[in-house]
Structure formats: structure tokens, C-alpha cells
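As a plain string of letters, each chain reads:
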Amino acid sequence: MKNNILRTFLLCILVISCQSQENILRESVKFDIVTDSVFSRMPGTMIRTNDYLVWQDPFGIDGFIHIIDIATGNEIDAIGKIGQGPDEFNTPSICTSYFKNSVFVYDLNSPLQAYFFLDSLKENKNPYSRYIDNSQNRITSIINIDENEFIIYQPSETKRFKILNNSGVISFGNSIVNNSIENSYDVYQGAISFNNERKKLVFASLRFPYMEIYNTQKETPVLEFSTGLSNEAYTIEGKILKPETKRKGARDLALTKDYIVVIQRDYKSNNIDESTVGMDFNKLPTTIFLYDYNGNIKKIVDIGIPIFRIAGNIQDNTLYAIGVNPDFIIVKCEL
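The rules behind these values
- Residues numbered from 1 in each chain as written.
- Predicted model: local features only at pLDDT ≥ 70, side-chain atom pairs only at ≥ 80, totals over all residues.
- Heavy atoms only, no water.
- Helix = DSSP H or I, 4+ residues; strand = E, 2+ residues; numbered from the N terminus.
- Buried < 20%, exposed > 50% of the residue type's maximum accessible area, 1.4 Å probe, protein only.
- Contact = heavy atoms within 4.5 Å.
- Lys, Arg positive; Asp, Glu negative; His and termini not counted.
- Charge placed at Lys NZ, Arg CZ, Asp CG, Glu CD.
- Pairing = 2+ DSSP bridges.
- Axes fitted to C-alpha atoms, helices over the stretch in contact; angles between N-to-C directions.
- Phe/Tyr/Trp six-rings, centres within 6.5 Å; stacked < 30°, edge-to-face > 60°.
- Lys NZ or Arg CZ within 6 Å of the ring centre and 35° of its normal.
- Core = buried A, V, L, I, M, F, W, Y, C linked by side-chain atoms within 4.5 Å.
- Salt bridge = Lys/Arg side-chain N within 4 Å of Asp/Glu carboxyl O.

### Things to note about the overall build of the chain
Of regular secondary structure, the chain possesses three helices and 27 strands. When burial is assessed residue by residue, the chain has 50% of its 335 residues classed as buried. At a minimum sequence separation of 6, the contacts of the chain that also span at least 24 residues come to 47%. In the chain, 34 side chains carry a positive charge and 40 a negative one; their mean positions are 7 Å apart.

Right, dumping it as C-alpha cells:
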């Protein structure tokens, strides 16, 4: 009798779960073009600050950081140089900074780190200010959450996240799968973003349909939510983890006032084999998934064009995106 009741209960849970997936609100939104002049073979990270959109051109040599005035849509400057000089970078990457309306730049293959203070551009001053050289290894992402305080992501480490500040180092975040693997640096890569008001860190995997939300208010951040990872999403051969290639995780991640926004393909309406996409930007997802800060999916929004990068601000629900139409453009929409 007890077994029958248990089976009935589990069946009800399964039915409810399937229904909730089927009944997710799906909608389309109209977008406004911010600029149709994104000249890059493949735009890199995009960030929204108070007054600017900032995007990186990974192939740019003289001016790899592009600054766009949100109010006008005009590019006001392109800064940052590639090279071996004292103020130049070999393999730069840009990240969000909550410190003085700036962009933080770090080199993936050298200790060089620097701020670019955007307000200095208005005063025709040099925005570059070198920061303390990085002593950490194999970092893929950094967020500057306050003066002299950073969250870094190191996918090859046993604890994947670190908070660095004047008090020391706090490590947290276990491996995505329980098995010990040798290729974690490659397969655990993902996008991270931080809500400075809610004090929540969000991680979205690039290789798997997997997301984590950490509450950083305690001394050691606590994992509040994870999507879990099904056995169908990967295989392990020896100590090598091999993701399933027909479906992928997040293409990019952004935070707004009410939503965690993830570029994901809606496989219900576009069940493409991801292994066939390659560098065909026209086959990128046109949809974004909106989650609340507890990890609940609220709706799936179709932007109407393939989406490559997204950026938001926790003060409102305006989303900016680099899309393909047929060349790269920057658009905005209200969520």
C-alpha cells in the first residue's frame, strides 16, 4: 500500500514537472537598434555601465575596447592597445566593475591588470590606470565587485571560485560533477555575473545546460540553487569528461533588475543539432531565457534575430544585445 502511494506521488510530481515545462510563457519582443556599426569579425564581451555600453573586439589592435554612449548610440572612443609596451596587453579580457564607472581589464596570459575609468574620457584624460599584478593562475573570468575586491573563476581548481580582498582569499564552489577529471579547465568554463545589490553570484555553463546561484552575504558564499546535471548531458572516459554535443548551455549571461538573462536555444521550437552550428552566426539562438533570482524560469523571449552577446544593468530591465541582421548590430529591448 505504501509503495503504491509513493509511486502515485512520484507520478504526480513527474506530470506536474512536465506540464510546467510545457506551459512556460513564450513571447516575442520588438527591439530598437542602438547602432548598426559593429565592425568586428566576432565581437567579444559586452558590458553595460551607468552611461555606456562597452564591447571588446578580440581582433582589435589599437582600440580593442569600444565605448558607446547609450543616450545617442554613438561610439565616443576606442581605447586599449595590444603589444608589449608598459600600458599594452597581449591577450586582454574585459569584465564588469562596480568601482567608479570603470572597466577592468586583465591579461589571460600575463599578470597585467588595469582599470579604464570611463568618466576620464569626458575630460580628455588618459583613462588607463594600472592595478596590482595578478598572482592567480588560469583565470577565465573576473568581476570587480568593490574597491580592492574581486570574484575570480578558475575552472581547473577544486574550488572553482575565489573572492579576493584585503582580508585574504575565500574559496568556494565544488566541481560540477563528482568524478575527478583531467579536463576541467576546458569543460567547466562558463559565464559569471554578480548582482551587487542582492549579493548574488550567477554562473552559467557554456558546455552544459547548467546554472548555479550563490549567496555571497555570508563569510563563505552558499550555493542557493543549481539546475543539476543529467547523466545524458555528458560521458566520462577514463578521467576525461565529454559533454553531449547536440545541446549546449548558455551562450552568454546578463543580469537585470528582476531577471537572470541567459542566451539559450528553445529546443521546443528550434531543435537544431548544436554540433552542426560551428561559426555560422545565422544559426545562433534567437531566444533568451529569463529566470528569477531563485532560479525559477519565468519566460522564454524571442528577440527575432540571432543573438551573440547580451548586457544589462541591475537598475532596470532593459537588455542590450549584439545580434546578427545580417551583419552585427546592437539592439535593446524591454523585458
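Structure shown, so let's carry the discussion forward.
### Structural notes on the sheet that holds strand β10 (residues 128-131)
If you walk across this open sheet you meet the four strands as β7-β8-β9-β10, and the pairing is antiparallel. Of all strands in the sheet, those bounded by a partner on one side alone are β7 (92-96) and β10. The sheet shows a mean angle of 30° between the axes of neighbouring strands, taken without regard to direction. Relative to strand β9 (residues 113-117), strand β8 (residues 102-107) runs antiparallel, the two being bridged by five bridges. Residue Val103 lies in a different strand from β9, and its bridge partner there is Phe116.

### Here we look at the sheet that holds strand β18 (residues 222-226)
Spatial strand order, β15-β16-β17-β18: four strands in an open sheet with antiparallel pairing. Each of the sheet's edge strands pairs with one partner strand only, and the pair in question is β15 (190-195) and β18. With direction set aside, neighbouring strand axes in the sheet form an average angle of 20°. Examined bridge by bridge, strand β16 (residues 200-205) and strand β17 (residues 211-215) share five bridges and lie antiparallel to one another. Note that in β17 the partner of Val202 across the bridge is Ile213.

### Regarding the packing of aromatic side chains
We describe a pair of aromatic rings using the distance from one ring centre to the other and the angle between the two ring planes. Under the defined criterion, the tally for this structure stands at 23 aromatic pairs. Between the aromatic rings of Phe172 and Tyr214, the centroid separation amounts to 5.3 Å while the plane-to-plane angle is 70°, which identifies the pairing as edge-to-face. Within this pair, whereas Phe172 is found in strand β14 (residues 168-172), its partner Tyr214 is found in strand β17, the two being separated by 42 residues in sequence. With respect to class, Phe172 is no different from Tyr214; both count as buried. Ring geometry for Phe281 versus Phe328: centroids 5.3 Å apart, planes at 55°, classification tilted. Here Phe328 lies in strand β27 (residues 328-334) and Phe281 lies in the loop between β22 (260-263) and β23 (287-291), a separation of 47 residues in the sequence. When sorted by exposure, Phe281 lands in the same class as Phe328, which is buried. Among the aromatic residues, ring-to-ring pairing joins Phe99, Phe104, Tyr115, Phe117, Tyr131 and Phe150 into one connected group. The ring centre of Tyr185 lies 4.0 Å from the NZ or CZ of Arg138, which sits over that ring.

### A look at the nonpolar core
Grouped together as the largest cluster of nonpolar side chains are 23 residues, with contacts concentrated most on Phe161, Tyr188, Leu201, Leu229 and Leu241. Only β11 (141-146), β12 (149-153), β13 (161-165), β15 and β16 provide two or more residues apiece to this core. Not counting residues up to four positions away in its chain, the partners in contact with Leu241 are Val177, Ile181, Asn183, Val187, Tyr188, Phe208, Tyr234, Thr235 and Ile236. Ranked by size, the runner-up nonpolar core spans 18 residues in total, among them Val29, Ile263, Ile305 and Val331.

### Concerning the environment of Gly44
Structurally, the position occupied by Gly44 is in the loop between β2 (32-35) and β3 (46-48). The exposure class assigned to Gly44 is buried, which follows from its relative accessible area of 5%. As a C-alpha pair, Gly44 and Pro58 span 14 residues in sequence and 5.9 Å in three-dimensional space. Not counting residues up to four positions away in its chain, the partners in contact with Gly44 are Gln56, Pro58 and Arg309.

### A word on the pairing of strand β6 (residues 75-81)
The sheet contact formed by strand β5 (residues 62-69) and β6 spans five bridges and is antiparallel. Each residue of the ladder has a partner; that of Ile67, found in β6, is Asp77. Remark: five residues form the turn of the hairpin made by β5 and β6, two consecutive strands paired antiparallel; Gly73 in that turn has positive phi of roughly 80°.

### Brief notes about the pattern of salt bridges
Tallying each qualifying case throughout the model produces 12 salt bridges. With its nearest N and O atoms 2.7 Å apart, the salt bridge here joins Glu212 to Arg160. Of this pair, Glu212 sits in strand β17 while Arg160 sits in the loop between β12 and β13; the two residues are 52 residues apart in sequence, bridging distant segments of the chain. Each of the two residues, Glu212 as well as Arg160, counts as buried. Taken together, the salt bridges that share partners define one network made up of Arg251, Arg265 and Glu274.

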